[in-house]
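Remarks on the overall topology
Residue strings, one per chain:
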Amino acid sequence: DAGVIQSPRHEVTEMGQEVTLRCKPISGHNSLFWYRQTMMRGLELLIYFNNNVPIDDSGMPEDRFSAKMPNASFSTLKIQPSEPRDSAVYFCASRGQGKDNEQFFGPGTRLTVL
Amino acid sequence: RKEVEQDPGPFNVPEGATVAFNCTYSNSASQSFFWYRQDCRKEPKLLMSVYSSGNEDGRFTAQLNRASQYISLLIRDSKLSDSATYLCVVNHRGSTLGRLYFGRGTQLTVWP
């Protein structure tokens, strides 16, 4: 069984560059979550989708961040332009329908902005 | 005030020890509760759900006190492989749209 797939696993870029993170949720799951994790702030929810529709994007730090989910099997998180303070591990998670269903996390993308 | 608060630790215990982690949550409307485990440089994974009556899974026991808004995790007979960060997690709504709120995590190191 393939779990949540994220790419790239590591990204090093220079300040000002555009960064696109990709996520493929587990097949059949209808909710998708983007998180960011840093030592200082822990795990923060950025945005989540239900049936491809954004439900809550209040965690998106600013306009430089955007997320899309064009279909049930793919989502992107874009940062443009990137800044050093965006350096973090970005996790994607998905969950199937049903009360209290488990969220399954992908392996994460470790982003470093120089 | 943060939604979920945990003692960050670190907890350093010898193999075989019993160790307990606690967390508190701020929203009395919270309905679902979990412990996730995160190994170093890995993603979080569900360890166990926490039920009102308390529940046990092998060496792990989770308890919930709704009146005090307090959740605990007890690990008996600690193993080296238990070394990880343990995240306390709550869900305000039991519906499919409910988001999860994560604590910062409690770091555990079990030494030989």
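The coordinates are above.
In what follows, the accompanying structure is described. Given the structure is predicted, the values throughout are model-derived calculations rather than measurements.

Tallied over the entire structure, the rule returns two disulfides over all chains. One disulfide in the model links Cys23 of chain A with Cys92 of chain A; its S-S distance is 1.9 Å. Taking the torsion about the sulfur-sulfur bond, which here is approximately -65°, the covalent link between Cys23 of chain A and Cys92 of chain A counts as left-handed. Residue Cys23 of chain A is located in strand β3 (residues 19-24), and its partner Cys92 of chain A is located in strand β9 (residues 88-95); the two are separated by 69 residues in the primary sequence. Linked covalently through their sulfurs, Cys23 of chain B and Cys88 of chain B form a disulfide whose S-S length is 1.8 Å. Placement of Cys23 of chain B in strand β3 (residues 19-25) and of Cys88 of chain B in strand β9 (residues 84-91) is noted, with a sequence separation of 65 residues between them. With relative accessibility at 1%, the residue Cys23 of chain B sits in the buried group.

Attention now goes to the sheet that holds strand β8 (residues 74-79) of chain A. All names here are of chain A. Taking strand neighbours across the sheet as the criterion, the four strands line up as β1-β3-β8-β7 in an open arrangement whose pairing is antiparallel. Strands with a single pairing partner mark the edges of an open sheet, and in this sheet they are β1 (5-7) and β7 (65-71). When the angles between neighbouring strand axes are averaged without regard to direction, this sheet yields 15°. Relative to β8, β7 runs antiparallel, the two sharing five bridges. Among the inter-strand pairings, Ser66 is bridged to a residue of β8, identified as Lys78.

This next bit is on the pattern of salt bridges. Residue and element names in this part refer to chain A. Counted according to the given criterion, the structure contains twelve salt bridges over all chains. Measuring nitrogen to oxygen at the nearest pair gives 2.8 Å for the salt bridge that ties Arg64 to Glu62. Judged by relative accessible area, Arg64 falls into the buried class, the value being 9%. Here the salt bridges do not stand alone but share partners, grouping Glu62, Arg64, Glu83, Arg85 and Asp86 into one network.

Quantified by volume, the largest pocket comes out at close to 790 Å³. Lining the largest pocket are 27 residues, and of these Gln37 and Met39 of chain A together with Gln38, Arg41 and Thr85 of chain B lie nearest its centre. Secondary structure elements with two or more residues in the lining of the largest pocket: β4 (31-38), β9 and β11 (109-113) of chain A together with β9 and β11 (106-111) of chain B. Here the residues of the lining of the largest pocket are counted per class, giving nine nonpolar, twelve polar and six charged. Of the voids in this model, the second largest pocket is the one considered here, and its volume is about 300 Å³.

What follows deals with the nonpolar core. Formed by 24 residues in total, the largest nonpolar core has its most connected members in Phe21, Trp35, Ile71, Leu73, Ile75, Tyr86 and Leu108 of chain B. Listed by contribution, the elements that provide at least two residues to this core are β3, β4 (32-38), β5 (44-50), β7 (60-65), β8 (70-75), β9 and β11 of chain B. Filtering out sequence-adjacent residues up to four positions away, Ile71 of chain B remains in contact with Phe21, Asn22, Cys23, Tyr25, Phe33, Trp35, Val50, Gln63, Leu64, Cys88 and Val90 of chain B. The next biggest cluster of nonpolar side chains, apart from the first, holds 21 residues, and it includes Leu46, Ile47, Phe65 and Met69 of chain A.

Conventions used here
- Residues numbered from 1 in each chain as written.
- Chains lettered and ligands numbered in written order.
- Predicted model: local features only at pLDDT ≥ 70, side-chain atom pairs only at ≥ 80, totals over all residues.
- Heavy atoms only, no water.
- Disulfide = S-S within 2.5 Å.
- Helix = DSSP H or I, 4+ residues; strand = E, 2+ residues; numbered from the N terminus.
- Buried < 20%, exposed > 50% of the residue type's maximum accessible area, 1.4 Å probe, protein only.
- Pairing = 2+ DSSP bridges.
- Axes fitted to C-alpha atoms, helices over the stretch in contact; angles between N-to-C directions.
- Salt bridge = Lys/Arg side-chain N within 4 Å of Asp/Glu carboxyl O.
- 1 Å grid on protein atoms, 1.4 Å probe; cavity = no way out; pocket = protein on both sides within 12 Å on 5 of 7 lines; lining within 4 Å.
- Points joined across faces, edges and corners; volume = space filled by probe spheres on them.
- Nonpolar A, V, L, I, M, F, W, Y, C, P; charged D, E, K, R; others polar.
- Core = buried A, V, L, I, M, F, W, Y, C linked by side-chain atoms within 4.5 Å.
- Contact = heavy atoms within 4.5 Å.

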